[in-house]
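Observations on the model geometry
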Amino acid sequence: MTNLKTSAKEQLEYMLTEDDDALLLTTDDEIKLEVRESVKRLLARLKVIEVTTKVLEAIGDSAVVLPMVERICMVKVWLPFARCLKPLIGHSITN
């Protein structure tokens, strides 16, 4: 029992004392801002990709019935978007 108390006391002292180890997270505001912005851009792309996928799946599976003119309009709107986004996604994956 004494060994257990001694061990607990040593662990508590270790946790409460300051050490000279490097911080795991940086406190540089510029880096924090860049990380926040990068995460926001990534999430915005993922949300747009997911919504696009769901819309096109619904149309393709005939869960949503659109007249041919509106289906063509969907293709004309989403195709240029997909063409612009595809290289960005490929670049992100390779990096």
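Residues numbered from 1 in each chain as written. Predicted model: local features only at pLDDT ≥ 70, side-chain atom pairs only at ≥ 80, totals over all residues. Heavy atoms only, no water.

1. Here we look at the overall build of the protein chain
Along the backbone of the protein chain there are three helices and zero strands. Secondary structure elements in the protein chain, listed N-terminal to C-terminal, are α-α-α. When the accessible surface of the protein chain is split by element, carbon and sulfur atoms take 64% of a total near 8900 Å². (Helix = DSSP H or I, 4+ residues; strand = E, 2+ residues; numbered from the N terminus. Areas by Shrake-Rupley, 256 points an atom, 1.4 Å probe, with all protein chains shown as cover.)

2. Remarks on the pattern of salt bridges
Under the defined criterion, the tally for this structure stands at two salt bridges. Linking E34 and R41 is a salt bridge whose minimum nitrogen-to-oxygen distance equals 3.6 Å. Notably, a salt bridge pairs K40 with E37, separated by 3.8 Å at the nearest N-O pair. Residue K40 and its partner E37 are located together in helix 2 (residues 29-60), separated by three residues, close to a single helical turn. (Salt bridge = Lys/Arg side-chain N within 4 Å of Asp/Glu carboxyl O.)

3. Regarding the confidence of the model for the protein chain
In low-pLDDT segments, the atomic positions of the prediction should not be examined closely. Confidence in the prediction for the protein chain averages 76 pLDDT; 81% of positions are at 70 or higher. Within the protein chain, no element has a lower average pLDDT than helix 1 (residues 2-16), which sits at 75, and none a higher one than helix 2, at 79. (pLDDT = per-residue confidence, 0-100.)

4. Quick word on the environment of V75
Tracing the backbone shows V75 in helix 3 (residues 68-94). The sequence separation of V75 and L56 amounts to 19 residues, and the corresponding C-alpha distance is 9.1 Å.

5. Description of the environment of R45
Take R45: it is sitting in helix 2. The partly exposed category is assigned to R45, whose relative accessible area is 33%. Each C-alpha atom, one on R45 and one on I89, is 9.1 Å from the other, the two residues being 44 residues apart in sequence. (Buried < 20%, exposed > 50% of the residue type's maximum accessible area, 1.4 Å probe, protein only.)

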